[in-house]
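Close look at the chain arrangement
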Amino acid sequence: MINLVLFGKPGAGKGTQANFLKEKYNLKHISTGDVFRFNIKNGTELGTLAKSYIDKGELVPDEVTINMLKAEVEKNPEASGFIFDGFPRTNAQAEALDHLMEEKDMKIHATIALEADDEVLIKRLLERGKVSGRSDDQDESKIRNRFDEYNEKTAPLMEYYKEQNKFHSVNGIGTIEDITERLSKVIATL
Ligand code: AP5
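Residues numbered from 1 in each chain as written. Predicted model: local features only at pLDDT ≥ 70, side-chain atom pairs only at ≥ 80, totals over all residues. Heavy atoms only, no water.

1. Things to note about the packing of helix H1 (residues 14-25) against helix H9 (residues 176-188)
- It is the contact of H1 with H9, at a shortest axis distance of 10 Å, that shows an interaxial angle of 55 degrees. By the angle class used here, H1 and H9 are oblique. For H1 against H9, the interelement crossing comes out right-handed. Counted together, Thr16, Gln17, Phe20, Leu21, Lys24 and Tyr25 of H1 and Ile176, Ile179, Thr180, Leu183, Ser184 and Ile187 of H9 form the full contact between these two elements.
- Of the residues in the contact of H1 with H9, the class split is 7 nonpolar, 4 polar and 1 charged. (Axes fitted to C-alpha atoms, helices over the stretch in contact; angles between N-to-C directions. Helix = DSSP H or I, 4+ residues; strand = E, 2+ residues; numbered from the N terminus. Parallel < 35°, antiparallel > 145°, perpendicular 65-115°, else oblique. Left-handed = near helix turned anticlockwise from the far one by under 90°. Contact = heavy atoms within 4.5 Å. Nonpolar A, V, L, I, M, F, W, Y, C, P; charged D, E, K, R; others polar.)

Right, here's the structure in full:
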């Protein structure tokens, strides 16, 4: 069993790469952003709450996000491993994930960050916003707000995983295939 965290700024390619890695390594892909968007689309109470934060480019509160993540893991008792995309994003979330793994006699094997410059990411997200209609991709100020949230609350987690010798980073610029290959090389060392 292998459990991975895909890490990186908004637009770094976490979702894109998770879709390839889940097939290649037979992992259950859990994207907290996708679960929130599913709930928004279906008008659930969770969706209404999440929307009020997502629309501003802010993080959804920890308690709500952690409970949702736990429920997603519980729904997949047969999974032969997980790829977490967009979780954890705060120290409290990272600690909650470690506790959850411990409870289930599992562990996180690696956190892999996709690295790319802000200007490249902004371009990618504005392009996607045009076709996907994602409310948080619509204008640069919201995207920059997501970067600020990342820098303030999520980037410090790199230290958390470095201290556990679990942190890796790969260049997130290039073709999607090349980047999958770079990630696969890291996974091969685990
Ligand atoms: P979430 O859905 O996780 O969004 P994000 O982190 O902002 O990430 P993105 O989906 O924008 O980017 P990505 O890295 O997955 O890149 P992608 O592959 O899509 O979260 C949305 C919101 O939900 C948060 O802001 C927050 O409010 C809330 N939330 C979620 N998780 C939370 C948590 N744990 N705690 C609290 N709140 C939470 O690629 C982006 C674009 O680039 C695509 O168009 C893609 O086609 C393109 N692309 C990808 N790779 C390449 C490449 N190599 N070359 C060119 N284009 C590429």
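Here the narrative resumes.
2. Quick look at the environment of alanine 18
- With respect to the element layout, alanine 18 can be found in helix H1.
- In this structure the C-alpha to C-alpha distance between alanine 18 and tyrosine 160, which are 142 residues apart in sequence, comes to 22 Å.
- Residues contacting alanine 18, with those up to four places away along its chain left out, are Leu6, His29, Ile83 and Asp85.

3. Some details on the nonpolar core
- Ranked by internal contacts, the top residues of the largest apolar core, which has 24 residues, are Leu69, Val73, Phe82, Phe84, Leu97 and Tyr161.
- Contributions of two or more residues to this core are made by strand S1 (4-7), helix H4 (62-74), strand S3 (82-85), helix H5 (91-103) and helix H8 (157-163).
- Here the element with the most residues in this core is H5; it accounts for 5 residues.
- What tyrosine 161 contacts, discounting residues up to four positions off in sequence, is Val5, Pro88, Ala94, Leu97, Thr111, Lys166 and Phe167.
- Ala18, Ile112, Ile122 and Ile187 belong to the second-largest nonpolar core, a separate cluster that totals 22 residues. (Core = buried A, V, L, I, M, F, W, Y, C linked by side-chain atoms within 4.5 Å. Buried < 20%, exposed > 50% of the residue type's maximum accessible area, 1.4 Å probe, protein only.)

4. Things to note about the UniProt feature "binding site: ATP" (unreviewed entry) in the protein chain
- Under the local residue numbering, the UniProt record ascribes the feature "binding site: ATP" (unreviewed entry) to Gly11, Ala12, Gly13, Lys14, Gly15, Thr16, Arg128 and Gly174. As for the lining of the largest pocket, the annotated residues named previously contribute Gly11, Ala12, Gly13, Lys14, Gly15, Thr16, Arg128 and Gly174.
- Locating alanine 12 in the fold gives a position in the loop between S1 and H1.
- Those residues in contact with alanine 12 that lie beyond four places of it in its chain are Leu114, Leu121, Arg124 and Gly172.
- Locating lysine 14 in the fold gives a position in helix H1.
- In this structure lysine 14 comes out as buried when scored by relative accessible area, which is 9%.
- Setting aside chain neighbours within four positions, we find lysine 14 in contact with Leu6, Phe7, Gly8, Lys9, Asp85, Gly86 and Leu114.
- Side-chain polar atoms of lysine 14 contact the backbone oxygen of lysine 9, separated by 3.2 Å. (UniProt positions renumbered as here; feature names shortened; annotations may be inferred. 1 Å grid on protein atoms, 1.4 Å probe; cavity = no way out; pocket = protein on both sides within 12 Å on 5 of 7 lines; lining within 4 Å. Polar contact = N/O pair within 3.5 Å; in protein donor to acceptor, adjacent residues only side chain to side chain.)

5. Some words on the packing of aromatic side chains
- All chains considered together, the criterion is met by 4 aromatic pairs.
- Among the aromatic side chains, those forming a connected cluster through ring pairs are Phe7, Tyr150 and Phe167.
- Over the aromatic face of phenylalanine 147 sits the side chain of lysine 9, whose NZ or CZ is 5.3 Å from the ring centroid.
- Taking NZ or CZ as reference, lysine 56 lies 5.8 Å from the ring centre of tyrosine 53, over its face. (Phe/Tyr/Trp six-rings, centres within 6.5 Å; stacked < 30°, edge-to-face > 60°. Lys NZ or Arg CZ within 6 Å of the ring centre and 35° of its normal.)

6. Comments concerning the UniProt feature "binding site: AMP" (unreviewed entry) in the protein chain
- Within the UniProt annotation, "binding site: AMP" (unreviewed entry) is assigned to Thr32, Arg37, Glu58, Leu59, Val60, Gly86, Phe87, Pro88, Arg89, Gln93, Arg134 and Arg146. An extended arrangement is adopted by the annotated residues: their sequence extent is 115 residues, and the largest C-alpha distance between any two is 24.3 Å. The annotated residues named above include Thr32, Arg37, Glu58, Leu59, Val60, Gly86, Phe87, Pro88, Arg89, Gln93, Arg134 and Arg146 as those lining the largest pocket.
- As for its placement among the helices and strands, glycine 86 is situated in the loop between S3 and H5.
- The class for glycine 86 is buried, based on a relative accessible area of 6%.
- Leaving out residues up to four positions away in the same chain, glycine 86 has contacts with Leu6, Lys14 and Thr32.
- Within the element layout of this structure, phenylalanine 87 appears in the loop between S3 and H5.
- Residue phenylalanine 87 is classed as buried on the basis of its relative accessible area of 1%.
- Once residues lying within four places of it in the same chain are set aside, the contact partners of phenylalanine 87 are Val5, Thr32, Thr65, Ile66, Leu69, Gln93 and Leu97.

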